[in-house]
Amino acid sequence: MSDYTPEVNEQLAIIINKALDLAKELKHEYSTAEHLLSVVLDHQSIQKIFNDLGHDINIVKSDIEKFFKNPLLDSTEKDPVPSLKFEEVVFLTAGRGILYPYPSPYVNVLVTILEIDPEHQCPANFFLRSLGISIEEVRRYISNSEPMTKTQNNNSNQSDPTAVIAKYATNLNKQASEGKIDPLIGRRDEVDKAIQII
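Residues numbered from 1 in each chain as written. Predicted model: local features only at pLDDT ≥ 70, side-chain atom pairs only at ≥ 80, totals over all residues. Heavy atoms only, no water.

**Describing the overall build of the protein chain**
Heads up, the condition is: Helix numbering and strand numbering both begin at the N terminus, where a helix is a DSSP run of H or I of at least 4 residues and a strand a DSSP run of E of at least 2. Only protein chains enter the accessibility calculation, which uses a 1.4 Å probe. A residue is then buried if its area is under 20% of the maximum for its type, exposed if over 50%, and partly exposed in between. Note on definitions: a residue-residue contact is assigned when non-hydrogen atoms from the two residues lie within 4.5 Å. What sets the accessible areas is the Shrake-Rupley method with a 1.4 Å probe; for residues, cover comes only from the shown protein chains.
Looking only at helices and strands, the protein chain has 12 helices and 2 strands in total. Along the chain direction, N to C, the helices and strands of the protein chain fall in the order α-β-α-α-α-β-α-α-α-α-α-α-α-α. Looking at the 198 residues of the protein chain, the share that counts as buried comes to 36%. Within the protein chain, contacts between residues at least 6 apart in sequence are counted, and of these 63% link residues at least 24 apart. Carbon and sulfur atoms provide 52% of the accessible area of the protein chain, an area that totals close to 12600 Å².

**Brief notes about the packing of helix α1 (residues 10–25) against helix α2 (residues 33–41)**
Note the following rule: Convention adopted: a line fitted to C-alpha atoms gives each axis, helices being fitted over their contacting stretch, and angles between N-to-C directions are expressed from 0 to 180 degrees. Handedness of a crossing is defined here by the sense of rotation of the near helix relative to the far one, left-handed for an anticlockwise turn of less than a right angle and right-handed for a clockwise turn. Any residue that is not Ala, Val, Leu, Ile, Met, Phe, Trp, Tyr, Cys, Pro, Asp, Glu, Lys or Arg is counted as polar, Gly included; the first ten are nonpolar and the last four charged.
Closest axis-to-axis distance for the α1/α2 pair is 8 Å, and the angle between their directions is 115°. As for the relative orientation of α1 and α2, their crossing is right-handed in sense. Across from Ile15, Ile16, Lys18, Ala19, Leu22 and Ala23 in α1, the residues of α2 making contact are His35, Leu36, Ser38, Val39 and Val40. A breakdown of the residues in the contact of α1 with α2 according to their chemical character gives 8 nonpolar, 2 polar and 1 charged.

**Thoughts on the packing of aromatic side chains**
Quick note on the threshold: Ring pairs shown here join Phe, Tyr and Trp side chains whose ring centres sit within 6.5 Å, with only the six-membered ring taken for Trp; geometry is labelled stacked below 30 degrees between planes, edge-to-face above 60, and tilted in between.
Counting across every chain of the model gives 3 aromatic pairs. An aromatic cluster is built from Phe67, Phe68, Phe126 and Phe127, whose rings are joined through pairwise contacts.

**A closer look at helix α3 (residues 44–53)**
Put simply, the rule reads: Picture the helix axis, draw a direction to every C-beta atom, and the arc is the one those directions span.
Three or more residues of α3 are buried, namely Ile46, Ile49 and Phe50. Seen from one end, α3 has its buried residues packed into an arc of 95°, which puts them on one side. In this structure, α3 carries Gln44 and Asn51 as exposed residues pointing more than 90 degrees from its buried face. Downstream of α3 by one or two residues, glycine 54 has phi in the positive range, about 80°.

**A look at the nonpolar core**
Test applied: For this analysis, a nonpolar core means a set of buried residues of the types Ala, Val, Leu, Ile, Met, Phe, Trp, Tyr and Cys, connected via side-chain atoms within 4.5 Å.
With 42 residues, the main nonpolar core has Leu37, Ile46, Phe50, Val60, Leu110 and Leu128 as its most contacted residues. Elements with a minimum of two residues in this core: α1, α2, α3, α4 (57–68), α5 (84–99), α6 (105–115), α7 (123–130) and α8 (135–145). The residues touching leucine 37, leaving out its near neighbours within four places in the chain, are Val60, Ile64, Leu110, Ile113, Ala124 and Leu128.

**Description of the side chain of aspartate 63**
This is how it is decided: We count Lys and Arg on the positive side and Asp and Glu on the negative side, and we leave His and both chain ends out. Think of a salt bridge as a Lys or Arg side-chain nitrogen and an Asp or Glu carboxyl oxygen that are within 4 Å of each other.
Secondary-structure assignment places aspartate 63 in helix α4. Of the side chains with opposite charge, lysine 66 comes closest to the buried, unpaired aspartate 63, at an N-O distance of 4.6 Å.

Written out as structure tokens, the structure reads:
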């Protein structure tokens with residue numbers, strides 16, 4: 001297995017490592033969002049979504065296989081480097097797992113890829129959209145058909161953004177109003193500069 005594992009949950013780390021392994025197996029220089037999508041499409045939860053929505057998952061798989069055979073993809077014996085789009089999908093998926101937990105990280109990756117702006121020319125997004133899959137239909141399917149998982153029940157208070165912020169941040173305004181923060185002395189220029197930037 002590859003050793004690229006940002007601080008994400010264990011299931012998402014497995015997806016990331018499988019995508020990196022796939023890129024390495026194909027001798028691609030970069031691991032891309034298409035490698036992530038290829039891994040995700042093999043998972044039963046995604047296959048069920050495609051089937052229930054009436055979309056042929058094999059068409060997308062075939063498009064990805066053709067894409068991987070493109071001679072323009074650099075061939076290398078070195079470990080693949082995560083592309084910027086790969087990293088974007090990973091970190092947005094990790095964030096989504098905290099704020100809006102879907103039933104599995106596989107679904108989170110699919111939703112993240114669908115949310116990529118079509119103007120950014122991401123083939124993974126294009127393959128899904130050309131099949132007629134929309135982010136709205138996937139979200140509607142998930143919200144109507146998936147029972148709440150144990151993780152979602154534990155995180156039910158996180159539907160309130162202020163609860164998430166309170167969990168991961170410190171309210172400096174509250175601390176200042178309670179006199180728990182020392183006053184700034186001799187830093188007028190720095191404060192003025194910070195205010196100007198904001």
